[in-house]
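Here is how the chains run, residue by residue.
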Amino acid sequence: MNINVGWPGSVHDARVFRNSQLYLAGVTSKLFLSANVTVYNNSYKPFLVADSAYPLLPWVMKPYGGRLTREMENFNKKLSCGRVSVEHAFGQLKGRWRCLLKANDSKVNNIKTQVLACCVLHNICKECTDEFIDGWNIEELENIEELENVEDRFVDTNRNLDEGKKMRKYLLDNCDSSSTEPYRGVSA
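Residues numbered from 1 in each chain as written. Predicted model: local features only at pLDDT ≥ 70, side-chain atom pairs only at ≥ 80, totals over all residues. Heavy atoms only, no water.

- Named according to an unreviewed UniProt entry, the protein is Putative nuclease HARBI1 originating from Trichonephila inaurata madagascariensis.
- Under the Subcellular location (unreviewed entry) heading, UniProt states for the protein: "Nucleus".
- Of the comments in the UniProt record for the protein, the one headed Cofactor (unreviewed entry) reads "a divalent metal cation". (UniProt positions renumbered as here; feature names shortened; annotations may be inferred.)

Next up, the structure:
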């Protein structure tokens, strides 16, 4: 749905995100068409589901860090479950297009085009319900708990951080803590 290619692998996820069209759409309130969504009879503003490498914003939810209450641990678990689909998508992308698994000696601009082409072709295969053979999953998916321990080096305004904290607290206070259903947002 949204592809951003061309950054070296050594660049932090938050920096790539901050320089993306997705981020620009989010900060200008053009990312989501609907004003609110209803989940379990509660009304929420739509948000992206992210791991701890990303900023906490009103429209980007990330897990709690530090000392956690049981409710915060449950929140983090549900949020992580919502991100699993992204991890599976990357695993399938790399399994289907194995050129993404090895070193590439092409020119940098060609590599960007190749990665973009793989993403587009992968989406076409998914749209056409092209069979994905389980044996293509040759890499283990990353452990989501490890992703949550990544140091957050993203610097953002205090206002956005405060608004993100309010939204996360609202979700924490209004979620059904007995439910095992993950948060269904858009994963980042």
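On we go from here.
### Here we look at the packing of helix 3 (residues 70-96) against helix 4 (residues 108-127)
Phase 1 of the analysis: The interhelical angle for the contact between helix 3 and helix 4, taken along N-to-C directions, is 105°, at an axis separation of 10 Å. Between helix 3 and helix 4, the interaxial angle falls into the category roughly perpendicular. Of the residues in helix 4, those touching helix 3 at A89, Q92, L93 and R96 are C118, C119, H122, C125 and K126.
Phase 2 of the analysis: Residues belonging to the contact of helix 3 with helix 4 are distributed by class as follows: five nonpolar, two polar and two charged. (Axes fitted to C-alpha atoms, helices over the stretch in contact; angles between N-to-C directions. Helix = DSSP H or I, 4+ residues; strand = E, 2+ residues; numbered from the N terminus. Parallel < 35°, antiparallel > 145°, perpendicular 65-115°, else oblique. Contact = heavy atoms within 4.5 Å. Nonpolar A, V, L, I, M, F, W, Y, C, P; charged D, E, K, R; others polar.)

### Details of the packing of aromatic side chains
Two numbers describe a pair of aromatic rings. These are the distance of the centres and the angle of the planes.
Phase 1 of the analysis: Throughout the structure, instances matching the rule amount to six aromatic pairs.
Phase 2 of the analysis: Centre to centre, the rings of F17 and Y23 are 5.4 Å apart; their planes meet at 85°, and the pair counts as edge-to-face. Residues F17 and Y23 agree in their burial class; the two are buried.
Phase 3 of the analysis: For the ring pair Y23 and W59, a centre distance of 5.8 Å and an interplane angle of 55° mean the geometry is tilted. Within this pair, whereas Y23 is found in helix 2 (residues 21-27), its partner W59 is found in the loop between strand 3 (48-49) and strand 4 (60-61), the two being separated by 36 residues in sequence. Residue Y23 shares its accessibility class with W59, and that shared class is buried.
Phase 4 of the analysis: Stacked on the ring of Y64, the Lys or Arg R168 has its end atom at 3.8 Å from the ring centre. (Phe/Tyr/Trp six-rings, centres within 6.5 Å; stacked < 30°, edge-to-face > 60°. Buried < 20%, exposed > 50% of the residue type's maximum accessible area, 1.4 Å probe, protein only. Lys NZ or Arg CZ within 6 Å of the ring centre and 35° of its normal.)

### Side note on the pattern of salt bridges
Phase 1 of the analysis: One pass over the full model with this rule turns up three salt bridges.
Phase 2 of the analysis: When the shortest N-O distance is used, the salt bridge between E163 and K166 registers 3.5 Å. Here E163 and its partner K166 are both found in helix 6 (residues 158-174), three residues apart, which amounts to about one turn of the helix.
Phase 3 of the analysis: Under the relative-accessibility criterion, E163 is labelled partly exposed at 31%.
Phase 4 of the analysis: Put simply, D173 and K169 hold a salt bridge, and the shortest N to O gap is 2.8 Å. Of this pair, D173 and K169 both sit in helix 6, four residues apart, which is roughly one turn of that helix.
Phase 5 of the analysis: With relative accessibility at 48%, the residue D173 sits in the partly exposed group.
Phase 6 of the analysis: Note on K169: relative accessible area 41%, which makes it partly exposed. (Salt bridge = Lys/Arg side-chain N within 4 Å of Asp/Glu carboxyl O.)

### What about unusual backbone geometry?
Phase 1 of the analysis: Here S29, not a glycine, exhibits a phi torsion of approximately 60°, which is positive.
Phase 2 of the analysis: Even without being glycine, T129 reaches a positive phi, approximately 50°.
Phase 3 of the analysis: With respect to the helices and strands, the residue T129 is situated in the loop between helix 4 and helix 5 (144-148).

### Some thoughts on the confidence of the model for the protein
Phase 1 of the analysis: Residues of the protein with pLDDT of at least 70 account for 81%, and the chain-wide mean is 79.
Phase 2 of the analysis: For residues 139-155, every residue scores under 50 in pLDDT, and the model assigns this stretch 35 contacts once sequence neighbours within four places are set aside. (pLDDT = per-residue confidence, 0-100.)

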